[in-house]
Amino acid sequence: KKYNNKKKKKKMEPFQGQQQGGGIIETGNEGMMIRERQNIILNEQQKQQEQQQASSTPFGLKKSTTDRIKKAITKFDFYEKAEWKKEERTKFGGILSAVVLILMGILMASEGKRFFSVARHDEMSVDQKIDGKMNIFFNITFPKVTCSDLHIDTVDASGEAHIDINHHIYKHPVTKEGHILDLQHKHTTLSSINTQKYNPKNDPNSPFYCGSCYGAAMAGTCCNTCNDVKMKFLNSGKAIPPDEAIEQCMKQLSLKHPGCNMYGMLEVNRVNGNFHFAPGRSISKEHKMNVLHLHDFNPLLINRFNASHVIHELSFGDRIPHVKYPLNGVESPSKGGLSLYRYFIKVVPTTYTTIWGTVTHSYQFSYTKYVKDMVPGSMMAFPGIFFVFEFSPIRISYTDYHDSPLHFIVNLCAIVGGIYAATTLINSLVFNTMKT
């Protein structure tokens, strides 16, 4: 039966052709032989392609050499990878991670604030500048000295003296209550004084003075006295303004009020010297190659000069934003009325460079104060306020700058890496301790 079945199977396999791809492929034994030959040809083609790929490796190296290089690079990997299935998460690790994120955020915000803020570099050097001029800005109130009795003089070591200075100097009466009667039409500030050009027509002490009529007369008309201004207003039919608003009436007001506020700018040589407020008429005379600065006054009227004063502002040169001026706001009331005040000031040249490259040459200073009370009626009594200044040979330079972005990035990396490494060690110690 088995023999007959095999015969039947063989009889059931007729030689038939199957149409495929537009051609006839023989089936049966001949078709098997054709397919085997095709497979052998395909295998040989694949081997040839692999040999070509092996022979054409990068940089002309053999495949074995490139494999060795890849293995060496793999062994050089610092960042070993662990299987994620072997990781274990804990509650302590979660809490520690939250603390780490908060701490990183705080430190990174602090570093960002420091990066965007302005840093300052200080440097000291020997001052090479030996000549030039220096501006002194001051604002001082004398509550018990009238403006008519108040004068300012400057004297320096070179022998140059300036008496009763009026250029860029402004006076305003002060009431008994200490209120300064400032002019309503004048808004002069210390920072704008040095930019104003001197005009003798605006100086009441100049022979070329031409006072304003405040719109009560035609342009070009001069009103040099308080009465001239009031008459022009009467003739024009306009209302007369208060005396506090008229510059020509200041002298009359100063006689009615006991105090005076004086402010302005002094231009002095860049040598040691002083500027002072003292009673009487000033006189300068040359004597044996020296200049003598004298004050001529009546000893019987010396009690009129009460040296009590309040220093609202005092600076040498242009103001520097971060520099403190120690005499600002200093009050010096005289107990007996007659006192001699001396401020010995050490002036330090200073250069300030802003972050935008703007350079300012100015000065800072320190001071010591000396007060001498005098007996009324004494022939040696000489009240006054003297500011004696002396230059330092050392120059201080301030330079503002920002940290570089590269330095900022390095600091951020140090914060993140340092905190992560430290907390990783803490976490591993706690985890191992709890596990054991």
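Residues numbered from 1 in each chain as written. Predicted model: local features only at pLDDT ≥ 70, side-chain atom pairs only at ≥ 80, totals over all residues. Heavy atoms only, no water.

1. Quick look at the packing of aromatic side chains
Note the threshold: Aromatic pairs are defined between Phe, Tyr and Trp rings, using the six-membered ring for Trp, whenever the two ring centres lie within 6.5 Å; interplanar angles under 30 degrees are classed as stacked, those over 60 as edge-to-face, and all others as tilted. Strands here are runs of E lasting at least two residues and helices are runs of H or I lasting at least four, both read from the DSSP assignment and numbered beginning at the N terminus. Each residue gets one of three labels from its accessible area relative to the maximum for its type: buried under 20%, exposed over 50%, partly exposed in between, using a 1.4 Å probe on protein chains only.
Summed over all chains, the structure comprises 14 aromatic pairs. Taking the centre distance of 6.3 Å and the plane angle of 45 degrees together, the rings of Y325 and F365 count as tilted. Of the two residues, Y325 is situated in the loop between strand 12 (309-316) and strand 13 (330-332) and F365 in strand 15 (residues 359-373); the sequence distance between them amounts to 40 residues. Comparing Y325 with F365, the two get one shared label, buried. Among the aromatic side chains, those forming a connected cluster through ring pairs are F138, F142, F275, F277, Y343, Y367 and F387.

2. Regarding the state of the cysteines
Put simply, the rule is: The disulfide definition used here is simple: a pair of cysteine sulfur atoms within 2.5 Å.
Taken as a whole, this structure holds 3 disulfides when the rule is applied. Here C210 is linked by a disulfide to C222, with a sulfur-sulfur distance of 1.8 Å. Taking the sign of the S-S torsion, about -95 degrees here, the bridge from C210 to C222 comes out left-handed. Taken together, the residues C210 in the loop between helix 5 (190-193) and helix 6 (226-236) and C222 in the loop between helix 5 and helix 6 connect sequence positions 12 residues apart. Looking at C210, the relative accessible area reads 24%, which means it is partly exposed. The side chain of C213 participates in a disulfide bridge whose partner is C223; the two sulfur atoms lie 1.9 Å from each other. Here C213 and C223 share a disulfide; its torsion about the S-S bond, 95 degrees, makes the bridge right-handed.

3. Quick look at the pairing of strand 15
Side-chain direction in a regular strand flips from residue to residue, so the side chains alternate between the two faces of the sheet. To keep things clear, this is the line we draw: By the convention used here, strands pair only if DSSP detects at least 2 bridges between them.
Examined bridge by bridge, strand 14 (residues 339-353) and strand 15 share 15 bridges and lie antiparallel to one another. Bridge pairing in strand 15 places T353 opposite V359. Following strand 14, the chain reverses through 5 residues before pairing antiparallel with strand 15; G357 in that reversal takes a positive phi of roughly 95 degrees.

4. A short note on the confidence of the model for the chain
Here is the rule: The quantity called pLDDT is the predictor's confidence in a given residue, expressed from 0 to 100. The contact definition used throughout considers only heavy atoms, calling two residues in contact when any of these lie within 4.5 Å.
Mean pLDDT for the chain: 79, with 75% of residues reaching 70 or above. Mean pLDDT per element in the chain: strand 1 (residues 17-20) is the minimum at 45, and strand 16 (residues 384-391) is the maximum at 94. Counted against residues more than four places away or in other chains, residues 7-26, with its pLDDT under 50, gives 11 contacts.

5. Focus on the pattern of salt bridges
What counts, and what does not: Salt bridges are counted wherever a side-chain nitrogen of Lys or Arg sits within 4 Å of a carboxyl oxygen of Asp or Glu.
Per the stated rule, a full pass over the model turns up 7 salt bridges. In this structure, R270 engages D127 in a salt bridge whose closest nitrogen and oxygen atoms are separated by 2.5 Å. On the criterion of sequence distance, the pair formed by R270 in the loop between strand 8 (259-269) and strand 9 (273-277) and D127 in the loop between strand 3 (119-126) and strand 4 (133-142) is long-range, its members being 143 residues apart. Here E313 ties to R319 by a salt bridge, and the two come within 3.3 Å at their closest N and O atoms. When its relative accessible area of 44% is taken as the criterion, R319 is described as partly exposed. The structure contains a network of salt bridges with shared partners spanning E111, R114 and D403.

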